[in-house]
Amino acid sequence: MLTPRPAPGERRFRPDLEGLRAVAVLAVLGFHAAVPGLAGGFVGVDVFFVLSGYLITGLLVREAAAHGRIHLAEFFSRRARRLLPSAALVLAVVAVAGAWLTVPLRRTDLEHDVLAAALSVANWRFIGLQTDYLAAGRDQSPLLHFWSLAVEEQFYLAWAPLVALVVLVTARRRRARTPVLGPVLGAVTAGLTAASFALALHWTAGSVSLAYLGTPSRAWQFGAGALLAVAPWHRLRGPRAARELLGWAGLAAIGWSVLGFDAATAYPGWAALLPTAGTAAVILAGTADRDGRGPHTVGRLLGTRAPRALGRLSYNLYLWHWPVLVLAEARFGVLGRPVRTLLTCAAALPAYAAMRWVERPLRRSRVVAELPRRGLSLGLTAVVLPVVLALVVGTGTLRVLGPAGPVDLAGLAAGNPDGTSLLLPGGATRGPVVPNPVQARQDFPPDGACEVPPAAVTSPDCRFGDPAAADRIVLLGDSHAGQWFSPLLGIAAQRHWALEELVKQGCPLPQVPVVNPQLGRVYQECDQWRSAALERLRGGPKPTLIVVASLNRYTADREQLLRGWQQTLDPLRALGVPIVYLQDTPVPGLDVPACLSGHTADPAACGFARPAGLWPDPLAEAVAAGSVPGVRSVSVNPVLCPGSGRSCPAVLDRVVLYRDDAHLTNTAAVVLAPRLERLLVEAGVLTGGGAPAGGAGWTEVLRDEFDGPAGRRPSADLWQYDLGTCYPGCPAAQWGTGEVETMTDSAENVRLDGAGALEIRPTLAGGRWSSGRIETRRADLAAPPGGVLRIEASIALPAVGGPAAGGYWPAFWTLGGALRDGYTGWPGVGELDVLEAVGGRPSVFGTLHCGTAQGGPCREPAGLGSGLRPCADCWGGGFHTYAVEVDRSTAPEQVRWYLDGAEYHRVTADQVGAEAWDRAVHHGMFVVLDVAVGGGLPDAYGVPLTAATEPGNPMRVRYVSAATRG
C-alpha cells in the first residue's frame, strides 16, 4: 500500500504549491485589512499548515529513502536559514519601533511579545492573554500573527525527531529490503492526526482561544499534509477529469471558507475540515501519476508567474503586514478600511526588501550552508538579537513607568461620602496619579479565586469577614459586581457582618443569551452558574442584604434586558430581604492605564465620551418609576462622570479610576466606600449607626419607603395629617412656635414623587403660606425595658439657600404618645427632635425636650440641644441619614443622635433626673414630618421669613423606619 521511496515525480518542484501560498497569504491579508467579504480569511493559516506538513514530511521521507537516516542538524540548519533571519528582522524592528510608536505601558506588553515570538512560544503567551477574562480590553499585539509561526516551529521541533526515530526503528527491516517505513510512519501519522483532531473538537467546545492557537489542536492539519507525503498517491490511476474535479473542488472549498466563515464560526472544530480538505485536494490533484502526465487546470493556474511571485514573497509579507497595521493604529488611532488596505499593500515593500537582501542571501550562502553548525549559529543569533533588544527597551520602559509594588495612598484624602468630589478636601491635589499605570493594570479586588472564570459552573464557598456573623451581605453578579468587593467587605466589617461573594466573569445577571469570547460559543456555563447561585441563596440562611450589579451592555434590546432582570430578581425578591441594584459604572472603551502611561502630564487626554461611556440603564429607570418593588437602585456615576459635559474623566483627584477598558481599580472602589455606604443608608437598607434594618437582634416595627406613583398621598394606614394652624382644641396657636403656614392635606403640599420619596412642599398663594405636616398613626414606638429603640429617616433638605431660604424650617421629630389625649402636657411627655434645620444654614441639630415649659431639667424652651452640627451640603438636595436611639440597656440610660452614621449628640438620664427622664422616654412615641414656615426658631438664628423667601422647594424623605432591640 505504501512505499518507502518517493515517486520520481515527487522529486520535482511544484509551482502550483508556490501559487497556493499566494492564495493563503491573500486570504490572510484581506481578512486583516477588513476587506468586505473576506471575513473567513483566517483560514489562510490552515492552508499554510497543510502545506508545511506535506512539504516537510516529504523532505524527511526522501532523505530517509536516499540515505537511510535523517540528519537532524542539517534539517534544523536549513529551517533556521530559511525562517529565522527574516523573523528576527521583523522582531528587531518592532522592538525598536515600539519604543517610538507606542505608549510606555503598551511597550512593556510589546517587549514581552517580542521575547515570546523570538523563543517560538508566542502562541502560548497569547493563549494565556486571550483566555484570561481579566486581561481583556488591551490593544492587539503587532506580533499576534507570530502565533502561527510558533506553532509551525514547534511542529518542526517535534516532528523531525519523531520521523527520525521511526526511520531508526525501521532501519533493520529496510536492510532486509522490506518496505516498512511507509506503513509505520503512515500509521503513526494517522494516529497522531486523529488524536489531535479529537482534541481540537474538545477544545473548540471549551476554550476557543486554546483550540485556535494551541499546537496540539492544530497538529492534525500538519498531519493531514504529512499523510499526503507518506502515502503513494502517485500510484493512483484515474481519469484526468477526476483530477480536474478534485483540484477545482479543493480550490472552491478554500474559497467558500474565506467567503462563508466569520468570527461567529466555531473554529477550528469541524469547520476547519473544509479548508484543510480543500488544501489537501489541491495538493493531491497536482500529484503526478506514474506516466508523468502534466498538471491539471488549477495547477497550471496556480503555477503562473504572478501567483508564484506572490507565493515566494508570502512568508515575508505575512511577517510584515500585521506590524505595519497595528503600529500605524497605535500611532494615529483607528484607521479606516481604505487606509488599512493601502498599508497592507505597502507592507510588500519591506517584505520584498527582507526577501531580497536578508532571506535569499543567507539561505543560499555557501559559507553558511557548508556546515550545519553555521546555520544553527545563524538561527541562534536570530533568536538572541530580538531578545536582547526587547530586554534593553523593556528595562528602560520600566524605569519610566515607576514601581509595580503595592499602591501607596499617602497624601490622598479620605473618600468623600457626599458632594461632587471623589475625595474630602485637604489632601494633596497635585502629584503623580495613584495608582501608577503599572499598578493600575494589576489593581484587582483581593478576592482570590472567588470571581470564577468562564468555564466554572459553581462558585466556591466565598465568605469573608466575621465567620460567626448572623448577618451577611451577598454580592451577586459579574465582574462589574466583583469590583465592589473591597468597599462592601469594609462596610460588612464595620458592622461585624460577613460578606458572601457570588461573582462570575462575563456572566450577565439578567437572563439574556450571550456568546463568551473566551469560550467562543454560547455561554451555557453562565446559565448553569446563575441557577446554582440562586438555588444556593434559596437553600441557605437568609442574608441581610443582597447587592446585585452587572455590565449593562450585554444587549441593546431594552425589553429583553428587563425580562431577563425580572427572571433573576423574582426568586431573589421571594427571599424577603432588601435588594440593592448597584448601577453599572462608566465603560471607557480604551485601555486607561496604557493611555495614562503616555500622558503622565495630561491625564485629561485619557477621558472618554460621555454617551459612549454611560449607556441608558433600563433597570434603574424601572426602579425609579416604582415598577420593581422590593429593589432599590443606587449609583456612584454622578461622581465618576460629574456634571453634564461631553466627556468622563479617567482620573479624579489624582485617583486612577479604571484598571482596563471597563473595570474600576480597586483603589477607586476603596475610595468610593464611604459614598457607597451612604447611598445604602439613604436607600434604607442599612442604618448609619451600624444597626441594620432588620439586622441581627433588631426587630423592625415601622417602615415606609414611600413607593408609589407620583402625586399619590402617603399610606393612610401609616400616616395621618395635621391640619390648620394648631392641634384639635387649639391648645397653642400657630403650633406654639409662631409659624405662619397653614397645614393641608393637599397633594400640592404632601405627595409621593414617584421615584421612591415623599415630598413636603411649602407653597405661597394669595399671600398665604401653606405646607404639610404628617404623623405616624402609631404612637407606641418605645424602647423595651433593657433594650433600644432606633428611629431613622433618609432626608434631603430643600435645595434652596441664601435669602430664598429665609423662614424655611424642615423637621423630623417625635412626641410622646400621651399628647394624643388632648395634646396637653408638653414638654413633660417628651420630644425628640431628630432633625431640625433653618433658613438654609449649613448645619442641622437635634434636641431633647422634657420637664417644664420654662427652665426645668431640659432648660426649656431651648431644650438640651446639640448646637449647630456643620453639614455643608445638607441643604443642597442630597440625601442624608438622621437617626435617634433611646437606649435603656446602659447605665445610665441614653439618647443618642446620629448624622450619616456618626454620633454627634448624647443626653444621659443623670443629666435630667429620674422623674423627668421617665416621663420623657419611658413610653410610646409618634413620629412627625413637616416643613414649617417662619416662627421663633428661624428668627432666633437670623434667617426670618421675608419677601425674598422662595416657595415650592420640598423636603424629600426616602424612608422612615423604627426598630427595637433587647
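This text gives an overview of the structure that appears in the document.

Thresholds applied
- Residues numbered from 1 in each chain as written.
- Predicted model: local features only at pLDDT ≥ 70, side-chain atom pairs only at ≥ 80, totals over all residues.
- Heavy atoms only, no water.
- Helix = DSSP H or I, 4+ residues; strand = E, 2+ residues; numbered from the N terminus.
- Rg over C-alpha atoms; globule rule 2.2 N^0.38 Å.
- Buried < 20%, exposed > 50% of the residue type's maximum accessible area, 1.4 Å probe, protein only.
- Contact = heavy atoms within 4.5 Å.
- Disulfide = S-S within 2.5 Å.
- Core = buried A, V, L, I, M, F, W, Y, C linked by side-chain atoms within 4.5 Å.
- Patch = residues over 30% accessible without salt bridge, like charges linked within 9 Å, V, L, I, M, F, W, Y side chains within 5 Å.
- Areas by Shrake-Rupley, 256 points an atom, 1.4 Å probe, with all protein chains shown as cover.
- Salt bridge = Lys/Arg side-chain N within 4 Å of Asp/Glu carboxyl O.
- Axes fitted to C-alpha atoms, helices over the stretch in contact; angles between N-to-C directions.
- Left-handed = near helix turned anticlockwise from the far one by under 90°.
- Nonpolar A, V, L, I, M, F, W, Y, C, P; charged D, E, K, R; others polar.
- Phe/Tyr/Trp six-rings, centres within 6.5 Å; stacked < 30°, edge-to-face > 60°.
- Arc of directions from axis to C-beta.
- 1 Å grid on protein atoms, 1.4 Å probe; cavity = no way out; pocket = protein on both sides within 12 Å on 5 of 7 lines; lining within 4 Å.
- Points joined across faces, edges and corners; volume = space filled by probe spheres on them.
- Pairing = 2+ DSSP bridges.
- Polar contact = N/O pair within 3.5 Å; in protein donor to acceptor, adjacent residues only side chain to side chain.

Assigned secondary structure in the protein consists of 31 helices and 32 strands. In summary, the protein has a C-alpha radius of gyration of 38 Å against a globular reference of 30 Å for 966 residues, an excess of more than 25%. Dimensions of the protein along its principal axes, counting C-alpha atoms only, are 125 × 50 × 50 Å. Buried positions account for 56% of the 966 residues belonging to the protein. Within the protein, counting contacts between residues at least 6 apart in sequence, those at least 24 apart form 76% of the total.

Here we take up the state of the cysteines. The full count for this structure, using the stated rule, is seven disulfides. Each sulfur of the disulfide joining Cys450 and Cys462 lies 2.0 Å from the other. Note on the Cys450 and Cys462 pair: the S-S dihedral is about -95°, so by sign convention the disulfide is left-handed. With a gap of twelve residues between them, Cys450 in the loop between α18 (437-441) and β1 (451-452) and Cys462 in the loop between β1 and β2 (463-465) connect regions that are remote in the sequence. By the burial criterion, Cys450 is buried, and Cys462 matches it. Two residues share a disulfide in this structure: Cys871 and Cys874, whose sulfurs sit 1.8 Å from each other. Residues Cys871 and Cys874 are joined by a disulfide whose S-S torsion is about 75°; by sign, that bridge is right-handed.

To continue, consider the nonpolar core. The biggest cluster of nonpolar side chains holds 101 residues, and the ones touching the most others in it are Leu20, Leu60, Leu143, Phe146, Trp147, Leu185 and Tyr267. Among residues more than four places away in sequence, those in contact with Tyr267 are Phe42, Val43, Asp46, Thr204, Val208, Tyr212, Arg218, Phe261, Ala272 and Pro275.

To continue, consider the environment of Gly935. Residue position: Gly935 is located in the loop between β31 (925-933) and α31 (936-940). For Gly935, a relative accessible area of 7% puts it in the buried group. Residues Gly935 and Gly41, spaced 894 residues apart in sequence, show a C-alpha to C-alpha distance of 81 Å. Not counting residues within four places of it along the chain, the set of residues in contact with Gly935 comprises Thr737, Gly738 and Glu739.

Our focus in this paragraph is a nonpolar patch on the surface. Together, Leu380, Val384, Val388 and Val392 line one region of the surface with nonpolar side chains, adding up to about 350 Å² of accessible area. Structurally, Leu380 can be placed in helix α17 (residues 372-401).

Right, let's get into the packing of helix α2 (residues 44-67) against helix α3 (residues 72-101). Any two packed helices are characterised by the angle at which their axes cross and by the distance between the axes. Taken N-terminus to C-terminus, the directions of α2 and α3 make an angle of 150°; their axes are 12 Å apart at the nearest point. The handedness of the crossing between α2 and α3 comes out as right-handed. Contacts between α2 and α3 involve Ile56, Leu59, Leu60 and Glu63 from the first element and Phe75, Arg78 and Arg79 from the second. For the contact of α2 with α3, the class distribution of residues is four nonpolar, no polar and three charged.

A few words now on the pattern of salt bridges. Using the criterion set out here, one finds 39 salt bridges in the structure. Between Arg538 and Glu535 there is a salt bridge; the shortest N-O distance is 2.7 Å. Pair noted here: Arg538 and Glu535 are both in helix α21 (residues 524-539), with a separation of three residues, about one helical turn. According to the relative accessible area criterion, Glu535 is partly exposed, its value standing at 43%. In this structure, a network of salt bridges that share partners links the residues Arg632, Glu700, Arg703, Glu705 and Asp707.

Under the counting rule described, the total for this entry stands at 23 aromatic pairs. Centroid distance Trp565 to Tyr581: 5.3 Å. Interplanar angle 65°. Geometry classified as edge-to-face. Of this pair, Trp565 sits in helix α22 (residues 558-573) while Tyr581 sits in strand β8 (residues 579-582), and the two are 16 residues apart along the sequence. On the basis of relative accessible area, Trp565 is assigned to the buried category, the value being 3%. Summarising the aromatic geometry, the rings of Phe845 and Tyr941 are spaced 5.6 Å apart at their centres and angled 20° between planes, so their arrangement reads as stacked. Linking Phe845 in strand β25 (residues 843-849) with Tyr941 in the loop between α31 and β32 (955-965), this pair joins segments that are 96 residues apart in sequence.

Let us look at the environment of Trp357. Mapped onto the elements, Trp357 comes out in helix α15 (residues 348-364). Among the residues examined, Trp357 registers a relative accessible area of 58% and is labelled exposed.

Buried within helix α5 (residues 122-130) we find Ala122, Asn123, Phe126 and Ile127. Take α5 and look down its axis: the buried residues cluster within an arc of 135°, on one side only.

Another aspect to go through is the side chain of Asp617. Considering the arrangement of structural elements, one finds Asp617 in the loop between α24 (610-613) and α25 (618-624). Setting aside residues up to four positions removed in sequence, Asp617 forms contacts with Asn552, Tyr581, Gln583 and Asp584.

Looking at the second largest pocket, its volume works out to about 1,200 Å³. In terms of lining, the second largest pocket is formed by 49 residues, of which the most central are Arg21, Leu55, Arg79, Arg82 and Arg363. Within the residue set of the lining of the second largest pocket, elements represented by two or more residues are α1 (15-32), α2, α3, α4 (104-118), α6 (146-175), α13 (305-332), α15 and α17. Here the element with the most residues in the lining of the second largest pocket is α2; it accounts for ten residues. A breakdown of the residues in the lining of the second largest pocket according to their chemical character gives 25 nonpolar, six polar and 18 charged.

Time to look at the sheet that holds strand β16 (residues 742-743). An order of β16-β20-β19 is seen for the three strands of this open sheet, with the pairing classed as mixed. The open sheet has two free edges, formed respectively by β16 and β19 (763-765), since each of these has just one partner strand. Relative to strand β20 (residues 768-771), β16 is paired through two bridges, and the arrangement is parallel. Each bridged residue has a counterpart across the sheet, and for Thr742 the counterpart in β20 is Ser770.

Glancing now at the side chain of Gln154. Relative to the elements of secondary structure, Gln154 occurs in helix α6. You can call Gln154 buried: its relative accessible area is 16%. At a separation of 2.9 Å, a polar atom in the side chain of Gln154 contacts the side chain of Asn123. Setting aside residues no more than four positions away along its own chain, Gln154 makes contact with Ser120, Val121, Asn123, Trp124 and Thr215.

This part takes up the pairing of strand β29 (residues 894-899). Burial runs high along β29: six of the six residues are buried. Burial of β29 is two-sided: the residues Gln894, Arg896 and Tyr898 facing one way and the residues Val895, Trp897 and Leu899 facing the other way are all buried. The pairing of strand β28 (residues 880-887) with β29 spans six bridges and is antiparallel. Counted as the bridge partner of Glu885 is Arg896 from β29. Linking β28 back to β29 in an antiparallel pair, the connection comprises six residues. Pairing geometry for β29 and strand β30 (residues 902-908), over six bridges, is antiparallel. If you follow Gln894 over to β30, its bridge partner there is Thr908.

Our next topic: helix α28 (residues 673-682). Each α-helix winds once per 3.6 residues, and so residues spaced three or four apart point in a common direction. Most of α28 is tucked away, with nine of its ten residues classed as buried. Within α28, the full set of buried residues consists of Ala673, Arg675, Leu676, Glu677, Arg678, Leu679, Leu680, Val681 and Glu682. One or two steps after α28, the chain reaches Gly684, where phi turns positive at roughly 85°.

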